[in-house]
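A look at the structure
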Amino acid sequence: MGDPREPPEGTPEGGSGNEDEFRSVVFDESFVRAARIQELSARERLAGSFGKATRARVRLGPLGTVPRQALALLLLILLAFGAAVYFGVNSPKGLASRPEGSQLTVSLVALSPASAVHPVADPADPFAALPPGYGNGAAGLNTPAGAATEHFSKVEVTKALDTVQRYLVASSLTPAALVQGATTDVRTFVTPGEQAQFDASVSQPVDDRHHAVTGWIVRFDPAQAALASDTVKVVGAMRVDEADSGTLQITTDHTFVYALKPAGAPAGAPVTLETVRRELTFQFDRVDLASAQLRLVDSVVQAGPEPCTASMAGFLQPVLATAQGAVDPGDHARPAWQVCGVLSGS
C-alpha cells in the first residue's frame, strides 16, 4: 500500500510528494476570507460546462452594456404599462362614460286666452274658484313613497324622489326664483355635465329647444309681475321607472297656479291666476344619487294666459287683468302673421 500522503496518480515529476515542499507557501487569514468558491449549476454540471460561468450582456452603444435579464425585465415593464394604458382608455367602463354637455330639451307652449282676462273675484282668496284636488305648495306634489326597482334599491329610489321634490320646490315654489331672478339654489341640483347648459340658459336665454331658462325654472319678469300670494296651488303626480339598468328615471307632471298682480301694485290690486303645467323627465345614475344631483333631460312647459307673440325663454309673460290682451285686426301696426291671438270684443 502506498503512502497515504501521496496523490493517487503518484508523485509528480520534479517533486517528492512530501508536504515539506509547500511549507514555504503561506495562506494568511485575509487571503482565505477573500477567496470565493463558485459552484456550477446543475445544468452546467450535466452539460459538462466546466469553464468559467459568465452572464450574457447586451451592448447598448454609448450606454454601455446591461445583462439580458435586465433588458428582458425592462421590456416586460414597458409592455405591462402599455397594456394598462390601453385597457384603461378602451375598457367598457371608459366607453360607458357619464353623459356630458347639453342634455335638456325644452318645449315651451303659450296658452293664449280665448277672451279678455278678468281678475279673480276676491283678491284676498284668489284660489277660491279652483276645482278640488289642488294642494298648497310641496303638499300638492304628491311625492310617492320609494319602492325598489329591478336595479335600484328602495333607499336609492327614495333619495332620487327626495332630490326631485326639493328641485321642484326650489324651481317652482320659491319666491326668490319666481319673481326675484334667483338661480343659485336651482343650479346646485344640476349635475356638472349640464351646468354649462344651465348657465348659458340663464345668461343668454333663447327658445332654441335647449337654452330657455324657463325650461329649468318657473319665473316671471320682476319688472312686470309680483306675487299677490306666496301660496302656490299644485296638483299632479310622479312616476318612477328605469331608462336602463344603470339609469333611474323619474317623470313628473304637475300643474302650478300662481296669484299675480302688476309689479309695484298695492295690496288689493287686481289679481290674475297664471297656470303653468310642467312635465319633466329626470335621470339619475349612482354618481348623481351619491351627490344628490339630477339630470333634467326633457322639459315641456305650458303656461297661460300668455301672449303668443312674446318670448317665453327668459321669463314667462302672463297677460295680467289690467293689461291689454286682445288683438285689434284694424291695427295695421301689428304684424298680420301672428299664429294665435284673441279677437277684440269676443
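Source: prediction; values computed, not measured. (Residues numbered from 1 in each chain as written. Predicted model: local features only at pLDDT ≥ 70, side-chain atom pairs only at ≥ 80, totals over all residues. Heavy atoms only, no water.)

1. Brief notes about the overall build of the protein chain
Basically, it comes down to this: Strands are runs of DSSP state E lasting at least 2 residues, helices are runs of H or I lasting at least 4, and numbering of each runs from the N terminus. With a 1.4 Å probe rolled over the protein chains alone, any residue whose accessible area is under 20% of its type maximum counts as buried; one over 50% counts as exposed, and the rest are partly exposed.
Scanning the protein chain from terminus to terminus reveals 9 helices and 9 strands. When each of the 346 residues of the protein chain is scored for burial, the buried share is 32%.

2. What to know about the pairing of strand β9 (residues 295-304)
So the rule is basically this: The rule for pairing is simple: two strands pair if DSSP sees at least two bridges between them.
The buried fraction of β9 amounts to 7 of the 10 residues, a majority that puts the element mostly inside the structure. Pairing geometry for strand β3 (residues 105-110) and β9, over 6 bridges, is parallel. Looking at the pairing, Ser107 lines up with Val300 of β9. In this sheet, β9 lies alongside strand β8 (residues 272-284) in antiparallel orientation, the contact comprising 9 bridges. The partner of Val276 across the bridge, within β9, is Ala303.

3. Some points on a nonpolar patch on the surface
Inclusion rule: Residues enter patches when they are more than 30% accessible in relative terms and free of salt bridges; like-charged ones are connected within 9 Å and nonpolar ones (Val, Leu, Ile, Met, Phe, Trp, Tyr) within 5 Å. What sets the accessible areas is the Shrake-Rupley method with a 1.4 Å probe; for residues, cover comes only from the shown protein chains. Whenever a carboxyl oxygen of Asp or Glu lies within 4 Å of a side-chain nitrogen of Lys or Arg, that contact is scored as a salt bridge.
A cluster of nonpolar residues, Leu73, Leu76 and Ile77, forms a patch on the protein surface that exposes about 300 Å² of accessible area. For Leu73, the location among the structural elements is in helix α3 (residues 68-90).

4. Things to note about the packing of aromatic side chains
Inclusion rule: Here the aromatic set is Phe, Tyr and Trp, taking the six-membered ring for Trp, and pairing holds for ring centres within 6.5 Å; pairs whose planes are under 30 degrees apart are stacked, those over 60 apart are edge-to-face, and all others are tilted. Any Lys NZ or Arg CZ found within 6 Å of a ring centre and within 35 degrees of that ring's normal is scored as a charge over the ring.
In this structure the tally under the stated criterion is 5 aromatic pairs. Here Tyr167 and Phe282 contribute two aromatic rings whose centre-to-centre distance is 5.5 Å and whose plane-to-plane angle is 75 degrees, an arrangement assigned as edge-to-face. Within this pair, whereas Tyr167 is found in helix α5 (residues 154-172), its partner Phe282 is found in strand β8, the two being separated by 115 residues in sequence. Taken as a pair, Tyr167 and Phe282 share a single burial class, namely buried. With a centroid separation of 6.4 Å and an interplanar angle of 20 degrees, the aromatic rings of Phe256 and Tyr258 are classed as stacked. When sorted by exposure, Phe256 lands in the same class as Tyr258, which is buried. The lysine or arginine in question, Arg219, covers the ring of Phe315, its NZ or CZ lying 4.3 Å from the ring centre. Residue placement shows Arg286 over the ring face of Phe152; its charged tip is 4.2 Å from the ring centre.

5. Description of the nonpolar core
As a rule of thumb, nonpolar side chains are buried together in soluble globular proteins. Which entries qualify depends on this criterion: Put simply, buried Ala, Val, Leu, Ile, Met, Phe, Trp, Tyr and Cys residues joined by side-chain atoms within 4.5 Å make one nonpolar core. Here a residue-residue contact requires only that any non-hydrogen atoms of the pair lie within 4.5 Å.
Membership of the largest hydrophobic core comes to 49 residues, with the highest contact counts inside it found for Tyr167, Leu168, Trp216, Phe220, Tyr258, Phe282 and Phe284. If you list the elements that add at least two residues to this core, you get β3, α5, α6 (175-179), β5 (225-227), β6 (233-244), β7 (247-262), β8 and β9. Per element, the largest residue contribution to this core is 7 residues, and it comes from α5. Those residues in contact with Tyr167 that sit more than four places away from it in its chain are Val186, Phe189, Trp216, Arg278, Leu280, Phe282, Leu294 and Leu296.

6. Points about the pairing of β6
Note: strand β4 (residues 135-136) against β6, 2 bridges, orientation antiparallel. Across the sheet, Asn136 pairs through a bridge with Lys233, a residue of β6. Bridge analysis of β6 against β7 gives 11 bridges, and the strand direction is antiparallel. Paired with Asp241 across the two strands is Gln249, which belongs to β7. Remark: 2 residues form the turn of the hairpin made by β6 and β7, two consecutive strands paired antiparallel.

7. Focus: the pattern of salt bridges
In this structure the tally under the stated criterion is 8 salt bridges. Overlapping salt bridges, with partners in common, bring together Asp253, Arg277 and Glu279 in one network.

8. Some words on the side chain of Thr247
Convention followed: In protein, a polar contact means a hydrogen-donor-capable atom and an acceptor-capable atom, both N or O and within 3.5 Å, with residues adjacent in sequence counting only if both atoms are side-chain atoms; elsewhere, any N or O pair within 3.5 Å suffices.
Mapped onto the fold, Thr247 is located in strand β7. Only 2.9 Å separates the side chain of Thr247 from the side chain of Asp244, close enough to count as a polar contact. Sequence-distant contacts of Thr247, defined by excluding residues within four places in its chain, comprise Phe152, Glu242, Gln283, Phe284 and Arg295.

9. Looking at α5
Worth spelling out the cut-off: Here the expected length of a helix is defined as 1.5 Å per residue gap, with one fewer gap than residues.
The end-to-end C-alpha distance of α5 is 26 Å, a good match for the 27 Å that 19 residues give at a rise of 1.5 Å each. Among all positions in α5, only Val157, Ala160, Leu161, Thr163, Val164, Tyr167, Leu168, Ala170, Ser171 and Ser172 are buried.

10. Describing the confidence of the model for the protein chain
Our working rule: What pLDDT conveys is the predictor's confidence in a given residue, as a value from 0 to 100.
Mean pLDDT over the protein chain works out to 80, with 68% of the residues at or above the 70 mark. In the predicted structure, residues 49-54 sits below a pLDDT of 50 and forms 7 contacts with residues beyond four places in sequence or in another chain. Throughout residues 91-97 the model reports pLDDT below 50, and contacts reaching past four residues in sequence, or to other chains, amount to 1 contact.

11. Comments concerning the environment of Thr251
Looking at where Thr251 falls in the secondary structure, it is placed in strand β7. Residues Thr251 and Val240, 11 residues apart in the sequence, show an inter-C-alpha distance of 6.6 Å. Apart from residues lying up to four places away in sequence, Thr251 is in contact with Ala237, Met238, Arg239, Leu280 and Thr281.

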